[in-house]
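Remarks on the overall topology
The primary structure of each chain is shown beneath.
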Amino acid sequence: MNRVAKKILAAVAAVVSLATLTGCGTSSAETSGPKITIGIKYDQPGVGYKEGDNYSGFDVDVARYVAKQLGYSEKQIVWKEAPSAQREALLQNGDVDFIIASYSITADRKKVVDFAGPYFVAGQDLLVRSDDTSIKSAKDLNGKNLCTVSGSTSAQVIKDNFAKSVQIMELSGYAECVTALISGTVDAVTTDDIILAGLAHAKGNGLLKVLGQPFTKETYGIGVKKGDTQLISKINAALKKMVDDGSWNKALDSATGGTGYTPNKEWNPPKNFDAENSDETVRQ
Ligand code: GLU
């Protein structure tokens with residue numbers, strides 16, 4: 001090879017290595033592999049909670065476990081907030097791969113999305129001020145102001161079954177409901193017991209109590225886009241493994257520890273990881 005050819009070769013090599021370097025620097029996705037986008041709640045301590053860059057709660061731990069079984073490391077997870085009212089749309093639009101966000105399996109929701117699981121069964125309950133002795137059950141809500149979150153199943157249950165003359169205030173998130181309860185704007189907050197226990201513990205300043213008399217069965221599923229049966233069976237296998245190897249118990253204990261919450265032992269952990277055949281949310 002003559003000197004000119006050598007020089008050309010060296011120049012080409014330099015350009016190639018520069019391009020490779022630049023490529024590495026800009027595309028972090030390439031180095032850390034593909035991503036998986038998971039919808040969770042950001043405002044439910046102990047269930048789905050975001051504090052700075054830290055994500056915690058039982059749903060988040062289930063999400064991490066499932067993602068790992070699907071081949072995704074923690075670094076490959078992209079978390080996305082999935083408020084109650086937006087869950088179906090997020091799945092339908094393909095904005096998330098799946099949703100783990102205290103998402104009850106219901107017949108209406110099953111018309112537009114599919115569910116893996118169930119992975120947990122909660123029950124709807126009430127959160128009230130500790131010094132309020134006037135509300136002992138859902139029936140005492142007539143004439144009272146009740147806070148709930150838009151897009152959740154909770155408000156309608158109260159209206160239909162317990163207190164026709166309750167005043168319902170629908171806010172966008174649970175933190176807002178707790179603020180309204182502490183300030184006296186509302187008299188009670190209703191949603192699932194596991195969520196209320198976490199809120200009372202983390203946000204209640206000792207001023208709030210959960211009644212502890214759940215009146216529905218909330219069967220939590222993992223929402224996926226309608227028809228994605230392959231993903232459903234992979235997630236169900238991961239859930240079964242999570243229960244079998246003890247990780248499910250560990251995650252639930254660490255998420256609910258100190259809150260005074262005891263999950264319903266008869267319903268948990270769910271034994272049948274196939275939402276198609278599971279009980280739907282049953283109103284008692
Ligand atoms: N589990 C109920 C639901 O899916 C209430 C909790 C929530 O809004 O996430 O609607």
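Quantities reported herein were computed from a predicted structural model and do not represent experimental measurements.

Let's talk about the overall build of the chain
Within the chain, the regular secondary structure consists of 10 helices and 14 strands. Within the chain, the proportion of its 284 residues that are buried is 48%. Sequence separation of at least 24 residues holds for 73% of the intrachain contacts in the chain that already meet a minimum separation of 6.

A closer look at the pairing of strand β9 (residues 145–149)
Burial analysis of β9 places 4 of its 5 residues in the buried class, which makes it a mostly covered element. In the sheet, β9 pairs with strand β10 (residues 167–171) via 5 bridges, with the strands oriented parallel. Across the sheet, Cys 147 pairs through a bridge with Met 169, a residue of β10. As paired elements, β9 and strand β11 (residues 188–192) share 2 bridges and run parallel to each other. Following the sheet pairing, Cys 147 is matched in β11 by Val 189.

Some thoughts on the state of the cysteines
Using the criterion set out here, one finds 1 disulfide in the structure. Here Cys 147 connects covalently by a disulfide to Cys 177, the sulfurs 2.1 Å from one another. Measuring handedness by torsion sign, the sulfur bridge of Cys 147 and Cys 177 sits at about -75° and is left-handed. Of the two residues, Cys 147 sits in strand β9 while Cys 177 sits in helix α7 (residues 174–183), which places them 30 residues apart along the sequence. Look at Cys 147 and you get buried, because its relative accessible area is 0%.

Topic: helix α3 (residues 58–69)
Between its first and last C-alpha atoms α3 spans 17 Å; for 12 residues at 1.5 Å apiece the expected length is 16 Å, and the two agree. Taken together, the buried positions of α3 are occupied by Phe 58, Asp 59, Val 60, Val 62, Ala 63, Tyr 65, Val 66 and Ala 67. Trailing α3 by a residue or two, Gly 71 shows a phi angle of about 100°, which is positive.

Let's talk about the packing of aromatic side chains
To describe a pair of aromatic rings, one takes the distance between the centres and the angle between the planes. Scanning the model with the defined rule gives 10 aromatic pairs in all. Geometrically, the ring pair formed by Tyr 119 and Tyr 220 is tilted, given 6.1 Å between the ring centres and 50° between the ring planes. Linking Tyr 119 in strand β7 (residues 113–122) with Tyr 220 in strand β13 (residues 216–225), this pair joins segments that are 101 residues apart in sequence. Tyr 220 gets classed as buried once you look at its relative accessible area, which sits at 1%. Between Phe 120 and Tyr 220, the ring centres sit 5.8 Å apart and the planes meet at 55°, which makes this aromatic pair tilted. Residue Phe 120 is found in strand β7, and its partner Tyr 220 is found in strand β13; the two are separated by 100 residues along the sequence. Given a relative accessible area of 0%, Phe 120 falls into the buried group. Taken together, the ring pairs connect Phe 58, Tyr 119, Phe 120, Tyr 220 and Trp 248 into an aromatic cluster. Here the basic side chain of Lys 50 rests over the ring of Tyr 42, its NZ or CZ set 5.8 Å away from the ring centre.

Here's the deal with the sheet that holds strand β3 (residues 48–51)
Strands sit in the order β2-β3-β4 across an open sheet of 3 strands; the sheet is antiparallel. For this open sheet the edge positions go to β2 (43–44) and β4 (54–56), each flanked by a neighbour on one side alone. Pairing of β3 with β4 involves 3 bridges; the strand directions are antiparallel. Looking at the pairing, Glu 51 lines up with Asn 54 of β4.

What to know about the environment of Leu 70
Considering the arrangement of structural elements, one finds Leu 70 in the loop between α3 and β5 (77–81). Put simply, Leu 70 and Ala 238 are 168 residues apart on the chain and 7.9 Å apart in space, counted from C-alpha to C-alpha. Discounting chain neighbours no more than four positions away, the residues touching Leu 70 are Ile 36, Phe 98, Leu 231 and Lys 234.

Considering the site of the ligand
Surveying the vicinity of the ligand reveals 17 residues, the closest of which are Lys 41, Ser 84, Ser 102, Ser 104 and Asp 192. At 2.6 Å from an oxygen atom of the ligand is found a side-chain nitrogen or oxygen belonging to Ser 84. The side chain of Arg 109 places a nitrogen or oxygen atom 2.9 Å from an oxygen atom of the ligand. When the ligand is considered free in solution it has 280 Å² of accessible area, and contact with the protein chains removes 100% of it. For the shell around the ligand, the elements supplying multiple residues, two or more each, are β11 and β13. Broken down by class, the residue content of the shell around the ligand amounts to 5 nonpolar, 7 polar and 5 charged.

Conventions and cut-offs
Each chain carries its own residue numbering, running from 1 in the written order of its sequence. Local features in a predicted model are, by the rule used here, given only for residues with pLDDT of at least 70; side-chain atom pairs are given and counted only at 80 or more, and totals for whole chains, interfaces and linings are based on all residues. To obtain the side-chain values, all non-hydrogen atoms of the structure were included, while hydrogens and water were left out. Numbering goes from the N terminus for both helices and strands, where a helix is a DSSP run of H or I of at least four residues and a strand is a run of E of at least two. Exposure classes here rest on a 1.4 Å probe applied to the protein chains alone. A residue is buried below 20% of its type maximum, exposed above 50%, and partly exposed in between. The contact criterion used is simple: two residues touch if any of their non-hydrogen atoms lie within 4.5 Å. Criterion used throughout: strands pair if DSSP finds at least two bridges between them. In this description, a disulfide is simply a cysteine sulfur pair whose atoms lie within 2.5 Å. Take the number of residues in a helix, subtract one, and multiply by 1.5 Å to get its expected span. Pairing of aromatic side chains requires ring centres within 6.5 Å, counting the rings of Phe and Tyr and the six-membered ring of Trp. Pairs whose planes differ by under 30 degrees are stacked, by over 60 edge-to-face, and all others tilted. Counted as over-ring charges are cases with an Arg CZ or a Lys NZ within 6 Å of the ring centre that also lie within 35 degrees of the ring normal. Whether a residue is near a molecule or strand is decided by its heavy atoms; if any one of them lies within 4 Å of it, the residue is near. Between N or O atoms, a polar contact is any pair within 3.5 Å; within protein, one atom must be a potential hydrogen donor and the other a potential acceptor, and residues adjacent in sequence are included only when both atoms are from side chains. Here the accessible surface of atoms and residues is derived via Shrake-Rupley with a 1.4 Å probe, and residues count as covered only by protein chains that are part of the display. Residues are sorted three ways: Asp, Glu, Lys and Arg are charged, Ala, Val, Leu, Ile, Met, Phe, Trp, Tyr, Cys and Pro are nonpolar, and all the rest, Gly among them, are polar.

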